[in-house]
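Residues per chain are reported as follows:
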Amino acid sequence: MDLKTNHTAPVITDPVPIGKSRLGVHSSLLPYSPPGAVFSSNLFLTIPRKKTGILDDIRSSTWLDAMKSSSPPHKRINKDYNNELASPDVDVAYRAWMLKFPSALGSFDRITNFAKGKRIALFLDYDGTLSPIVDNPDCAFMHNAMRKAVKMVAKYFPTAIISGRSRDKVYEFVGLKELYYAGSHGMDIMGPVRQSNDHPNCIKSTDKQGKEVNLFQPASEFLPMINEVFSSLVENTKEIAGAKVENNKFCVSVHYRNVDEKSWTTVAQCVNDVIKDYPRLRLSHGRKVLEVRPVIDWDKGKAVTFLLESLGLSDSEDVLPIYVGDDRTDEDAFKVLREGTYGYGILVSSMPKESNAFYSLKDTTEVMEFLRSLVAWKKSSAL
Ligand SMILES: O=P(O)(O)OC[C@H]1O[C@H](O[C@H]2O[C@H](CO)[C@@H](O)[C@H](O)[C@H]2O)[C@H](O)[C@@H](O)[C@@H]1O
């Protein structure tokens, strides 16, 4: 099979239109299961190539629409969004949306009633969930108040952060040793050592404190390829003002948040020029970011399941997993919890968005409030 001709990396397109059945899962929410994908016996996916040319795809409105819709301008959310919410139309739309995705704060009693007699396991995304979206990805710092809330919640509930960032980078931002960390969208998990953890990609290692841990890296063989692609992407995008390439270890992010909209097609073209020669890599959309990742059957949902097993918490009767996240990649985790009907996904969004989550929180401030409420509830129920 010629792997180089006519190959187009599959791309996740627009979010699901508002109004689609909440239980229906749109294909754009299934980043690792593009139409026609075939699962092989290991973690790899075989994806049939499209017949259309790569250039046609990138210049099509689908690409640009996906790039435009990938994230609302964060300044509008931070500064003017409250004013915008005050406008009757937006307010009505958001309120209608909240009937489908009620506030996790407003529904707190309902959540904790369901949690009675169960162990809550908490999974948190980083960007847009624990830290507000900012222009410079290197400056997405977490506020101290949020760090304190996460530290407290981890004291009472097993807590893991599952991020698209590299595991080291997210640890550097969060700086709490009492958590479990999964980087590269779940492709790099540091979890507890378990006797029964005999997964082929698990190796014993030690954490920064010298404690024995389990390292799970299902895409480890992609490391040289990812580094090569990272260098090519840096080279190819260096003339595009505002473009930034980030090495997330097992995946690469190409940011276009600070690129003039007129040059977004150029960004997409540069990325495709590089990855067209790598049929084992694929492309997905995040918040004003194109993400290059290995074509393996692994995502944040699989990472949640893996961590629950590693923590000895996979007995769904006694455990209530809660996952809080804001991005498309978090949908894989929401979906696992929804389909297993044993946990809650909480979507962080200040705009109506289709999702597999059950509840919503408006922004990082509400996430912090939710974490604090969990701690207060746990303390009071222990009295
Ligand atoms: O899974 P996450 O922890 O949410 O990580 C997803 C991506 O987050 C980062 O990018 C996003 O946040 C940046 C900082 O606020 C923002 O500038 C950018 O536009 C967003 O896409 C991170 O830089 C990426 O590598 C992660 O994949």
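Note that the structure is a prediction, hence the values are computed from the model and not measured. (Residues numbered from 1 in each chain as written. Predicted model: local features only at pLDDT ≥ 70, side-chain atom pairs only at ≥ 80, totals over all residues. Heavy atoms only, no water.)

Chemist: Honestly, the site of the ligand in this entry has me stumped. Any pointers?
Modeler: Lining the immediate surroundings of the ligand are 22 residues, of which Val134, Glu246, Arg257, Arg287 and Glu291 lie closest. At 2.6 Å from an oxygen atom of the ligand is found a side-chain nitrogen or oxygen belonging to Glu246. Contact distances for the ligand include 2.7 Å between an oxygen atom and a side-chain N or O atom of Glu291. Protein contact buries 99% of the 570 Å² of open area that the ligand shows by itself. When contributions to the shell around the ligand are tallied by element, the ones reaching two or more residues are strand 10 (252–255) and strand 12 (289–294). Per-class residue counts for the shell around the ligand are seven nonpolar, six polar and nine charged. (Near = heavy atom within 4 Å. Polar contact = N/O pair within 3.5 Å; in protein donor to acceptor, adjacent residues only side chain to side chain. Areas by Shrake-Rupley, 256 points an atom, 1.4 Å probe, with all protein chains shown as cover. Helix = DSSP H or I, 4+ residues; strand = E, 2+ residues; numbered from the N terminus. Nonpolar A, V, L, I, M, F, W, Y, C, P; charged D, E, K, R; others polar.)

Chemist: How do you make sense of the side chain of Ser355 when you look at a structure like this?
Modeler: Here Ser355 shows up in the loop between strand 14 (344–348) and strand 15 (359–361). Using a relative accessible area of 1% as the deciding quantity, one classes Ser355 as buried. (Buried < 20%, exposed > 50% of the residue type's maximum accessible area, 1.4 Å probe, protein only.)

Chemist: Where do I start with the pairing of strand 9 (residues 244–247) in this structure?
Modeler: It is a general feature of regular strands that their side chains alternate between the two faces of the sheet. Taken together, the four bridges between strand 9 and strand 10 define a ladder with antiparallel strand orientation. Considered in strand 10, the bridge of Glu246 is made with Ser253. Here strand 9 folds back onto strand 10, and the loop between the two strands holds four residues, one of which, Lys249, carries a positive phi near 70 degrees. (Pairing = 2+ DSSP bridges.)

Chemist: Looking at this structure, how should I read the sheet that holds strand 14?
Modeler: The strands that make up a sheet pair up through hydrogen bonds in the backbone, lying either parallel or antiparallel. Strand order in this open sheet of nine strands is 7-8-6-5-4-3-13-14-15, and the pairing throughout is mixed. The open sheet terminates on both sides in strands that have one partner only, identified here as strand 7 (202–206) and strand 15. Across the sheet, the axes of successive neighbouring strands diverge by a mean angle of 20 degrees, strand direction being ignored. Bridge count between strand 5 (residues 180–183) and strand 6 (residues 188–191): three bridges; the pairing is antiparallel. The residue bridging Gly183 from the neighbouring strand is Asp188, located in strand 6. Contacts between helix 7 (residues 167–174) and the sheet are confined to strand 4 (159–162), strand 5, strand 6 and strand 8 (212–216), with strand 5 contributing the most and set at about 135 degrees to the helix. (Axes fitted to C-alpha atoms, helices over the stretch in contact; angles between N-to-C directions. Contact = heavy atoms within 4.5 Å.)

Chemist: How should I be thinking about the pairing of strand 8 in this particular structure?
Modeler: Burial analysis of strand 8 places four of its five residues in the buried class, the great majority of the element. Pairing of strand 6 with strand 8, which is carried by three bridges, proceeds in the antiparallel orientation. What sits directly across from Ile189, in strand 8, is Phe216. Here strand 7 runs beside strand 8; their pairing, made up of five bridges, is antiparallel. Bridge pairing in strand 8 places Ile203 opposite Leu215. Connecting strand 7 to the antiparallel partner strand 8 that follows it, the hairpin turn spans five residues, and Gly210 within it adopts a positive phi of roughly 85 degrees.

Chemist: Any chance you could explain the nonpolar core here in plain terms?
Modeler: What tends to happen in soluble globular proteins is that the nonpolar side chains get buried as a cluster. Among the nonpolar cores identified, the biggest contains 57 residues, and Phe123, Leu233, Leu290 and Val292 are the most heavily contacted of them. Top contributing element to this core by residue count: helix 9 (residues 264–275), with seven residues. Structurally, this core is a two-domain feature, drawing no fewer than three residues from each of domain 1 (87–192 + 298–381) and domain 2 (222–294). Membership of the second largest hydrophobic core comes to 40 residues, among which are Leu122, Ala154, Ile161 and Trp377. (Core = buried A, V, L, I, M, F, W, Y, C linked by side-chain atoms within 4.5 Å. Domains from an automatic or database assignment.)

Chemist: Please clarify how helix 5 (residues 108–115) should be interpreted in this entry.
Modeler: Helical geometry: 3.6 residues make up each α-helical turn, so side chains three or four residues apart lie on a common side. Three or more residues of helix 5 are buried, namely Phe108, Ile111, Thr112 and Ala115. Along the axis of helix 5, the buried residues cluster in a sector spanning 90 degrees; they form a single face. Of the exposed residues in helix 5, the ones pointing more than 90 degrees away from its buried face are Asp109 and Arg110. Gly117, located one to two residues past helix 5, shows a positive phi value of around 80 degrees. (Arc of directions from axis to C-beta.)

Chemist: Sorry if this is basic, but what is going on with the packing of aromatic side chains here?
Modeler: Two aromatic rings, taken as a pair, are described by how far apart their centres are and by the angle between their planes. Evaluation of the coordinates by the stated rule reveals 15 aromatic pairs. Each ring, one from Tyr94 and one from Trp97, has its centre 5.4 Å from the other, and the planes form 35 degrees; the classification is tilted. Here Tyr94 pairs with Trp97, and both are found in helix 4 (residues 88–100), just three residues apart, close to one helical turn. Note on accessibility: Tyr94 and Trp97 belong to one class, buried. Relative to Tyr359, the ring of Phe358 has its centre 6.5 Å away and its plane inclined at 40 degrees; by these criteria the two rings are tilted. A relative accessible area of 7% means that Tyr359 is categorised as buried. (Phe/Tyr/Trp six-rings, centres within 6.5 Å; stacked < 30°, edge-to-face > 60°.)

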